[in-house]
Amino acid sequence: MNTELLKDKTIKGWHFEWNKEDSYYQCRGSVCYDEDHDEIPEESLIAAAMQLELNLVSAGYDTDLQYGEKGYIYINI
């Protein structure tokens, strides 16, 4: 995998940090809750992550978007 172009990115005001060792982006926002009372990131962070994922897919990367607890969101490459 060519990760030469992968680096920290800012999308819609959110700073996504690139973890080179484990090949993923991460960002943390406020903690929100879904209808099942599970922790999820805030909606604007989810929208920014989806835009970053779309950009990565358009560049030819396989991605996997995941939510974590405490407001984290991850995009695995």
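Each remark here, short or long, concerns the structure printed above.
Here the residue numbers are simple positions, counted from 1 along each chain's written sequence. This being a predicted model, a pLDDT of at least 70 is required before a residue's local features are given, and a value of 80 or more before pairs of side-chain atoms are given or counted; all residues contribute to the totals for chains, interfaces and linings. In computing side-chain properties, one takes all heavy atoms of the structure into account and sets aside hydrogens as well as water.

(A) Region of interest: the sheet that holds strand β3 (residues 24–28). A pair of strands is labelled paired if DSSP reports no fewer than 2 bridges between them. The way it works is that DSSP assigns letters per residue, a run of H or I at least four long becomes a helix, a run of E at least two long becomes a strand, and they are numbered from the N terminus. The five strands are arranged β1-β2-β3-β7-β6 in an open sheet whose pairing can be described as antiparallel. Only two strands of the sheet have a single partner each, and these edge strands are β1 (9–11) and β6 (64–67). Taking the axes of each pair of neighbouring strands and ignoring which way they run, one obtains an average angle of 25° across the sheet. Pairing of β3 with strand β7 (residues 72–76) involves five bridges; the strand directions are antiparallel. Across the sheet, residue C27 finds its bridge partner in β7, namely I73. Axis definition: a line fit to C-alpha positions, over the contact stretch in the case of helices; interaxial angles, taken between N-to-C directions, run 0 to 180 degrees.

(B) Just the pairing of β6, in detail. Strand direction decides the pairing type here: β6 and β7, joined by four bridges, are antiparallel. From the neighbouring strand, Y67 faces β7, where its bridge partner is I73. What sits between the antiparallel neighbours β6 and β7 is a turn of four residues, in which K70 has the positive phi angle 65°.

(C) Representation of the packing of aromatic side chains. The aromatic pairing rule takes the rings of Phe, Tyr and Trp, using the six-membered ring of Trp, and pairs them if the centres are within 6.5 Å, calling planes under 30 degrees apart stacked, those over 60 edge-to-face and the rest tilted. Going through the model one piece at a time under the given rule, you end up with three aromatic pairs. Judged by centre distance (5.9 Å) and plane angle (15°), the ring pair of Y72 and Y74 falls under stacked. Under the scheme applied here, a residue whose accessible area is under 20% of the maximum for its type counts as buried, over 50% as exposed, and between as partly exposed, the area being computed with a 1.4 Å probe on protein chains only. The class for Y74 is partly exposed, based on a relative accessible area of 24%. Pairwise contacts between aromatic rings join Y24, Y72 and Y74 into one cluster.

(D) Region of interest: the environment of N76. Inspection of the secondary structure assignment puts N76 in strand β7. A sequence separation of 53 residues divides N76 from S23, and the C-alpha atoms of the two residues are 6.2 Å apart. For N76, the contacting residues outside a window of four places in its chain are S23, Y24, D62, T63, D64 and Q66. By definition, residues are in contact when any of their heavy atoms lie within 4.5 Å.

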